[in-house]
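# Secondary and tertiary structure notes
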Amino acid sequence: MAFSSWFTRLRSSSKPFICNLRYSLIHRTRSQNSQIIEELISEKKQTLAWACSLLPLALAVSAGSLALQTQNNPSFCDASDLDTRGVSLGGKSSTKYLVKGSHKDVPLELLKELKAICQDNMTRDYDERYFHGKPQNSFHKAVNIPDVVVSPRSEEEVSKIVKCCNKYKVPIVPYGGATSLEGHTLSPHGGVCIDMTLMKRVKSLHVEDMDVVVEPGIGWMELNEYLEPYGLFFPLDPGPGATIGGMCATRCSGSLAVRYGTMRDNVINLKVALANGDIVKTGSRARKSAAGYDLTRLMIGSEGTLGVITEVTLRLQKIPQFSVVAMCNFPTIKDAADVAIATMLSGIQVSRVELLDEVQVRAINIANGKNFPEVPTLMFELVGTEAYSREQTLIVQNIVSMHNGSDFIFAEDPEAKKELWKIRKEALWACFAMVPNSEAMITDVCVPLSHLAELISRSKEELDASSLVCMVVAHAGDGNFHTVILFDPSQEEHRQEAERLNHFMVHTALAMEGTCTGEHGVGTGKMKYLEEELGIEALQTMKRIKAALDPNNIMNPGKLIPPHVCF
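I will try to describe carefully the structure that is included in this document. Keep in mind the model is a prediction, meaning the values are calculated, not measured.

### Observations regarding the overall build of the protein chain
Scanning the protein chain from terminus to terminus reveals 21 helices and 20 strands. For the protein chain, buried positions account for 54% of its 567 residues.

Rendered as structure tokens:
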């Protein structure tokens, strides 16, 4: 006990030295501890004499402890994520997109235990593992793929799977609709891919409370088909194929966020399997609560790094009584953005304000056999009573006419409206149809609404000057816009040019107090921008939370938190 107390005081007194030693061990990759000790002592000659005299013992013990810890927990400051220049892949200096990782074989004992849990819903087939290790519409790649894919059918099975993986310290990557764009479902360290798509039941619907309890594997489109007979719908609409669990994990939104908010605003509570297999329910079904930490919001946007979502309670909305979809054209993209801002400032309760540049419209025409004018275009949706919707449409038309707009048309027929929004939702596939055999780097910047026109205008100048084919599509009502940058994956100079354009837009947005990602999430692709956006203190806080909830770093390792962040 006496030695323990003395050593605790010593470690506390020597904390600055030990922090520097950790940094040196990981980032400088020195091979000899004695060299590090000499450097640190020479730099800190002014330190109290008694601490200096005890320092070698403290450093030796600390270094040994750290060596063991980093071996078992590669994310502490992962040396495997450092390239030959000492630049961390995914860190703030990185321009790499191939995600590296340290791989070790999955223990045979774990495979036997997983087989006992999942029975036939487990596979080691290479094609299945490769499919689950490569996102469908993302250019991001990893050096490894999952070692095994399991498909649980219940919360209990998820808990058992996670508990087994934690016992053997084997990485876990949750998997849903595979529509994410930033490498969220890559398996850089191999391990176990948990495919949640068999868990897609609607567990309970409370019509009078306007909420629903679902399993994470159900898609938002499937859910809305189920809800339609009850006059209800779930208002978030990301890409087709997205599942509710994945939408929670990435804190997504979509075109309706301007009216209904993001996933953060539409989830009442969650059930989550933590890294030790415990199932935690984050709250009650009450519409508001001030009871304790807001664990629901902590898990939403955590991208599988803190737990596996097993159940979601969602807030629902009434299907609008009436709606109008309007379209109009503009000579420049700045004029279109100005109208979006003016519409929001007018106080009109629009449910959608979508902007497409002339290149995106051309892609839609090619893919769908349409003949829309190939100029910057705005699409609006206005909802409410029939009289209210038509009144608001006339107000928008007047705003459009004051900002060089033309060809203002609107649709009230349900099928016509559905067709227009279907074309918009499938914009990405239209891009690929325009430039076959290409890959897409998709930006996701978001800025305060007053900066949107300037950001889009400056970005458009860069995009038009580039040799690559680039399209702009924006959720203009909340300051979020995407650029689809198409490039030939076999041409390194194409990828570098796409990366340059991406960097330009992100850094420009951050300079305007914006964000690198409005709705797509971080994954591996956006990690390098987080320190500039949030600051190292915020990232260290995230790392501490991660270490507390997932000490063995099995939950989707290598995502969200940059590898250069230490604490």
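### With respect to the nonpolar core
Core analysis: the largest hydrophobic core is formed by 53 residues, its most contacted members being Leu355, Leu378, Phe380, Val400, Ile456, Phe481 and Ile485. Those residues in contact with Leu355 that lie beyond four places of it in its chain are Ile333, Ala336, Ala337, Thr377, Leu378, Ile456, Val472, Val473, Ala474 and Ala476. Leu227, Met247, Met299 and Leu316 belong to the second-largest nonpolar core, a separate cluster that totals 26 residues.

### Some remarks on the sheet that holds strand S6 (residues 192-195)
Within the open sheet, the four strands sit side by side as S2-S4-S6-S5. Their pairing is mixed. Each edge of the open sheet carries a strand with a single partner, namely strand S2 (122-123) and strand S5 (172-175). Summarising the sheet, S2 and strand S4 (residues 148-150) pair through two bridges and their orientation is antiparallel. The partner of Thr123 across the bridge, within S4, is Val149. Along the sheet face, helix H6 (residues 126-133) touches S2, S4, S5 and S6 and points at about 80° away from the line of S4. Contacts from helix H7 (residues 155-168) reach S4, S5 and S6, with the element oriented near 170° to S6.

### Points about the sheet that holds strand S7 (residues 202-206)
Note on sheets: strands pair through backbone hydrogen bonds, and any given pair is parallel or antiparallel. Taken in spatial order, the five strands line up as S7-S8-S12-S10-S11 in an open sheet, and their pairing is antiparallel. Across the chains shown, the open sheet's two edge strands, defined by having one partner strand only, are S7 and strand S11 (279-281). When strand polarity is set aside, the average angle formed by the axes of neighbouring strands in this sheet is 15°. Note: strand S10 (residues 267-273) against S11, three bridges, orientation antiparallel. Within S11, the position partnered with Ala273 by the bridge is Ile279. On top of the sheet, H7 reaches S10, S11 and strand S12 (308-315); it is set at about 145° to S12, its chief contact. Along the sheet face, helix H8 (residues 220-227) touches S7, strand S8 (211-214) and S12 and points at about 45° away from the line of S7.

### Some points on the packing of aromatic side chains
Following the criterion strictly, the structure yields four aromatic pairs and no others. An angle of 25° between the planes, with centres 6.2 Å apart, marks the rings of Tyr126 and Tyr130 as stacked. Of this pair, Tyr126 and Tyr130 both sit in helix H6, separated by four residues, roughly a single helical turn. Judged by centre distance (5.9 Å) and plane angle (80°), the ring pair of Phe139 and Phe487 falls under edge-to-face. Taken as a pair, Phe139 in the loop between H6 and strand S3 (141-142) and Phe487 in strand S20 (residues 480-487) lie far apart in primary sequence, 348 residues in all. For the cation-ring pair, Arg352 lies above Trp421, with the distance from its terminal atom to the ring centre recorded as 4.4 Å. A cation sits over an aromatic face here: Lys417 above Phe322, 5.8 Å from the ring centre.

### Notes on the pattern of salt bridges
Throughout the structure, instances matching the rule amount to 30 salt bridges. The salt bridge involving Arg390 is made with Glu386; its shortest N-O contact spans 2.7 Å. Within this pair, Arg390 and its partner Glu386 are both found in helix H15 (residues 386-401), separated by four residues, close to a single helical turn. Among the residues examined, Arg390 registers a relative accessible area of 37% and is labelled partly exposed. Put simply, Glu499 and Lys528 hold a salt bridge, and the shortest N to O gap is 3.6 Å. Of the two residues, Glu499 sits in helix H19 (residues 492-511) while Lys528 sits in the loop between H19 and helix H20 (530-534), which places them 29 residues apart along the sequence. Residue class for Glu499 comes out buried when judged on its relative accessible area of 6%. A single salt-bridge network, built from bridges that share partners, covers Asp237, Arg352, Glu381 and Lys425.

### Comments concerning the pairing of S8
Of the two faces of S8, the one carrying Asp211 and Val213 and the one carrying Val212 and Val214 are both buried. Bridging between S7 and S8 involves four bridges; their strand directions are antiparallel. Bridging across to S8, Leu205 finds its partner in Val212. Count of turn residues in the S7/S8 antiparallel hairpin: four residues, of which Met210 carries a positive phi of about 55°. Of the strand pairs in this sheet, S8 and S12 are connected by four bridges, and their pairing is antiparallel. Paired with Val214 across the strands is Val312, a residue of S12.

### Topic: the pairing of S6
Of the two faces of S6, the one holding Val192 and Ile194 and the one holding Cys193 and Asp195 are both buried throughout. The pairing of S4 with S6 spans three bridges and is parallel. The residue of S6 that forms the bridge with Val148 is Val192.

The rules behind these values
- Residues numbered from 1 in each chain as written.
- Predicted model: local features only at pLDDT ≥ 70, side-chain atom pairs only at ≥ 80, totals over all residues.
- Heavy atoms only, no water.
- Helix = DSSP H or I, 4+ residues; strand = E, 2+ residues; numbered from the N terminus.
- Buried < 20%, exposed > 50% of the residue type's maximum accessible area, 1.4 Å probe, protein only.
- Core = buried A, V, L, I, M, F, W, Y, C linked by side-chain atoms within 4.5 Å.
- Contact = heavy atoms within 4.5 Å.
- Pairing = 2+ DSSP bridges.
- Axes fitted to C-alpha atoms, helices over the stretch in contact; angles between N-to-C directions.
- Phe/Tyr/Trp six-rings, centres within 6.5 Å; stacked < 30°, edge-to-face > 60°.
- Lys NZ or Arg CZ within 6 Å of the ring centre and 35° of its normal.
- Salt bridge = Lys/Arg side-chain N within 4 Å of Asp/Glu carboxyl O.

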